[in-house]
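# Coordinate analysis (summary)
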Amino acid sequence: MIRITRLLFFALAAPAFAQSSLAPLPAIPEFPLYPPTQPVISRDVNPLHPFSVVGPRGTILGSQDGSYEAWMFPWKLLTNMRISAEMKDYPVPIDVNLQAAAIDVRPGSTTITFSHANFTVREIITAPRNAPDGAGAIIFYQIEAVRPMDLTFSFTPVMVRMWPAPSAGPPSPEWVKTGNSSGFYILHLNFPDHAAGVAMPTAEPGIMQPYQELARVYPLQFVLHFDPARDSHTLFPLLLTKGNTMATASRDGLYQQLSALDRSARSLYEDQQKYENDFLSTSLSIDTPDQQLNDAFKWSEVSIDQLRVQTIPAHDEEALTAGFVGSGDSARPGFGWFFGRDALWTLYAVNSYGDYNVTRREIEFLIKRQRDDGKIMHEWSQTASLVDWKSLPYEYAAADATLLFPMALSDYLKISGDQAFINTHWPSIARAWNFITTHDSDGDGIYDNSQGTGWVESWVPSMPHQEIYMAALDEQASLAFANLAGATGHPDLARAAETRAAHIRAQIEKEYFHSDFYSFSWNANNTTDDTATIFPSVAWWDGDYSPDHSQAMLSRWASAEFSTDWGTRIVSDRTSFYDPISYHQGSVWPLYTGWVSLAEYRAGRSLSGYAHLRQNADLIFAQDLGNATELLSGQFFQPLGRSTAHQLWSAAMIITPILRGVFGLEWNAAANELTLIPSLPAEWDHATLSNIPVGQQRVGVEIKRDNGTLSIRATGLAASQIHLVSRGPGTKLTNGTFEIPLPAVEAGITQDLPEPGSSTQQMKVLDQQSKANSLTLRLAAPAGTTQTLWLRINRKQASLRSNGVSIPNTDMPLQKLQIEFPTGADYVEKEVSFTW
């Protein structure tokens, strides 16, 4: 918006329409935009769905109708960009955004296509990793038309810093002419050391109210005169830059930056495509019969990688941000800044696909902000360096990042074998350990919330003293520290940490377990909050934690009490304060779904684990294409309105359950050892993994079903150097190939996301018990419905019998069975068994 304001420094600046001898910025000859090797998600647009294009120095956040806001970190420069068209001899204005027809998302760009009988306009957005100072994103407009037309690009200039830094108020715009009619806007603030430049080569200004008129609010505009005879095969870039010094915020400084950006726009775009191609070709990939899962895995890696953002003002650090979505009228683009726990949960995925440099940078970012007493930061805004951040209550607000710190480092060491990095940062690891072991205010040996909240920032009826979430992490943090201490030559500390882990596990059983569930929290007065939650699931994160009495809890997580058709709720829907649209008391988070999925795989409940995994994976294609959202309603399949649509750990909770659940990957790089304990879905007859990191090597693995066995062999140049391990009854190693006997039958389920707005209706697998000669499933589904179960018969000669379902053809190796559920109310249960 233009707000005509008399500013003191304007007495020395150019008037609102400034004449100059600057050369006009040229448009760009068309060049190939879409690398054929990159994956693409193509959909009809949903105008209510968001999109995000994020790079290390800027982001474009918008809706699929093509409107957007532009950030050059940490500034939001403009918002509400929209397009209108006036065609020659066609006397009606066209709202171009209403013509948005298709969206194509690639790792290196997002394209929105506007389709009208007279024209096609493509809005092509990229956020280059090597963007120059002041810049962060470029939008190219590719235009085809039958008749000449004027396109008007209207936007509201805002110039506000990201939360919580103060901003100087609305900018005052100045149009600087270059050549006869084109030019660029300068967005001035109250002082001359901060300004932004916005240009579109060959375009003229639109509304520009002179000071003499009564003050009103208008959009800024670029008017582009497009003649198909002259301008076809031309790209018109929207160029955005900012200046943070007197020199760079001046007219000449901004012009030089815009001119350089215009000259380099093609190379920046092409470099970004090469970067994405290289990233995908070197990262771990999967190839299974489930192409949508393969694609979701690939996109999850890209989604995480795109959330690497450089710190300001020096751009000398880069770390993972929690996620982005349009900010609306606020200065908060989702959670587009740095969180300790979000990143540390995500590093398990990053370690798994082998981007060691990202892990090292993230750990060093956290160490730089580690408190003197050893605590790891919770939150660091992009504008933290511009305010008195330590005086605000955010930096160390939560207590869990300090526990996750040794866990993520131990995982990194197991996969990378990078002993030198651990040795270098041992003092910081030791300080974190000292903090963990000295903050137990009640003396039970478990780290508690006396130094910040655990998971929840709010809870009914009151905030907990100690949470099962924190207690379970503390046990795993102790084991992780033992591994790190042993690797760095501190055997006494390692033994002490192992002893502490064993004590914590016993205390968890003593303090938290009641009847058939682990309590949410334990309080210093020996009382518990017995709210049923998913938080105990983190106990399985770093290993096998399967006491027999956890089985009833696992069954409840798998049931419709917790599990919707799009993920798991934080609490049971039977809880008195259950609220499906709250943040912490009933919503569905892909983070929780990932925790539960991995716990189910490690507890031998692969069917429910796979259902939850697929729910997360399919979210990649559901809203902000290529990304998974932060949280959804616990009642209907719909993200919450302010859900961060491009969320860091939501993508991580696709990768980690796939690699460590479905394939059962475990690493020991120090011994060049890779373990696989796969639990393939019954429908799959093969799977291939490429570029699995083991130390500095990369290895592939092929898994195939063959005559009642599952064969596993290493592939690639490093195959002979990697010691492949697998476990299971009857497993044999023959000529470098593991052969695992399969049971006579396996079951599988079909899992797809429902239609938007749906409530939960799909079948749930409450229990899965496999024995030498039987498979028993306890299922639940809406009363009176018929559901589908996959059945794979691995040994035709077996004398197969079934109970609760009929098998039409025992000679068919893979088939669908129809299971009829009894009448009743809501969800009803049915047991199905197979014996041989």
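Residues numbered from 1 in each chain as written. Predicted model: local features only at pLDDT ≥ 70, side-chain atom pairs only at ≥ 80, totals over all residues. Heavy atoms only, no water.

## As for the overall build of the protein chain
Scanning the protein chain for helices and strands turns up 14 helices and 45 strands. By the compact-globule yardstick of 28 Å for 836 residues, the protein chain fits well, its C-alpha radius of gyration being 29 Å. By its C-alpha atoms, the protein chain is 90 × 60 × 55 Å across when sized along the principal axes. The buried share of the protein chain, reckoned over its 836 residues, is 61%. Of all intrachain contacts in the protein chain linking residues separated by at least 6 positions in sequence, the fraction that spans at least 24 positions is 67%. For the protein chain, the accessible surface area stands at approximately 30,300 Å², while carbon and sulfur atoms represent 51% of it. (Helix = DSSP H or I, 4+ residues; strand = E, 2+ residues; numbered from the N terminus. Rg over C-alpha atoms; globule rule 2.2 N^0.38 Å. Buried < 20%, exposed > 50% of the residue type's maximum accessible area, 1.4 Å probe, protein only. Contact = heavy atoms within 4.5 Å. Areas by Shrake-Rupley, 256 points an atom, 1.4 Å probe, with all protein chains shown as cover.)

## Digging into the pairing of strand E15 (residues 183-188)
Of all six residues in E15, six are buried, a share of seventy percent or more. Of the two faces of E15, the one holding Gly 183, Tyr 185 and Leu 187 and the one holding Phe 184, Ile 186 and His 188 are both buried throughout. Across six bridges, the pairing between strand E14 (residues 172-177) and E15 is antiparallel. Bridge pairing in E15 links Glu 174 to Ile 186. Summarising the sheet, E15 and strand E16 (residues 195-199) pair through five bridges and their orientation is antiparallel. Note that in E16 the partner of His 188 across the bridge is Ala 195. (Pairing = 2+ DSSP bridges.)

## Some remarks on the sheet that holds strand E25 (residues 466-467)
Sheet strands pair via backbone hydrogen bonds, and the direction of the pair is either parallel or antiparallel. Reading across the sheet, the three strands line up as E25-E28-E29 and stay open at both edges, with antiparallel pairing between neighbours. Two strands bound the open sheet, and with one partner strand each, they are E25 and strand E29 (528-529).

## A few points about the packing of aromatic side chains
By the definition in use, this model includes 56 aromatic pairs. Their ring planes at 75° and their centres at 5.9 Å tell us that Phe 535 and Tyr 592 sit as a pair that is edge-to-face. In this pair, Phe 535 sits in the loop between E29 and helix H11 (551-558) while Tyr 592 sits in helix H12 (residues 590-602), placing the two residues 57 residues apart along the sequence. Note on Tyr 592: relative accessible area 0%, which makes it buried. (Phe/Tyr/Trp six-rings, centres within 6.5 Å; stacked < 30°, edge-to-face > 60°.)

## Some thoughts on the packing of helix H13 (residues 606-618) against helix H14 (residues 648-662)
Direction vectors running N to C along H13 and H14 enclose 150°, while the axes themselves pass 9 Å from each other. Judged by the angle between their axes, H13 and H14 are roughly antiparallel. Note on packing geometry: the crossing formed by H13 with H14 is left-handed. Along the contact surface, H13 presents Leu 613, Asn 616 and Ala 617, while H14 presents Met 653, Ile 654, Pro 657, Ile 658 and Val 662. Residue composition of the contact of H13 with H14, by class: seven nonpolar, one polar and no charged. (Axes fitted to C-alpha atoms, helices over the stretch in contact; angles between N-to-C directions. Parallel < 35°, antiparallel > 145°, perpendicular 65-115°, else oblique. Left-handed = near helix turned anticlockwise from the far one by under 90°. Nonpolar A, V, L, I, M, F, W, Y, C, P; charged D, E, K, R; others polar.)

## A look at empty space enclosed by the protein
Counted under the stated rule, the structure contains four cavities of 30 Å³ or more. One number sums up the size of the largest cavity: a volume of about 160 Å³. Val 53, Val 54, Arg 106, Pro 107 and Gln 306 are, among the 24 residues lining the largest cavity, the residues nearest its centre. Counting only elements with at least two residues in the lining of the largest cavity, the list comes to strand E4 (50-54), strand E9 (100-106), strand E10 (109-115), helix H2 (251-282) and helix H3 (291-305). Of the residues forming the lining of the largest cavity, the biggest block, four residues, is contributed by H3. Estimated volume of the second largest cavity: approximately 80 Å³. Around the second largest cavity, the lining residues are Ala 558, Ser 563, Ser 608, Ala 611, His 612, Gln 615, Ile 749, Gln 751, Met 763, Lys 764 and Val 765. Listing elements by their share of the lining of the second largest cavity, those giving two or more residues are H13 and strand E40 (764-771). Here the lining of the second largest cavity takes four residues from H13, the largest share from any one element. Per-class residue counts for the lining of the second largest cavity are five nonpolar, five polar and one charged. (1 Å grid on protein atoms, 1.4 Å probe; cavity = no way out; pocket = protein on both sides within 12 Å on 5 of 7 lines; lining within 4 Å. Points joined across faces, edges and corners; volume = space filled by probe spheres on them.)

## Some points on the layout of surface pockets
Approximately 590 Å³ is the volume attributed to the second largest pocket. Along the walls of the second largest pocket sit 31 residues, with Glu 69, Gly 326, Ser 327, Gly 328 and Asp 329 positioned nearest its centre. Those elements that provide at least two residues to the lining of the second largest pocket are strand E5 (58-63), strand E6 (68-72), strand E7 (75-87) and strand E13 (149-161). Tallied by class, the residues present in the lining of the second largest pocket amount to ten nonpolar, 16 polar and five charged.

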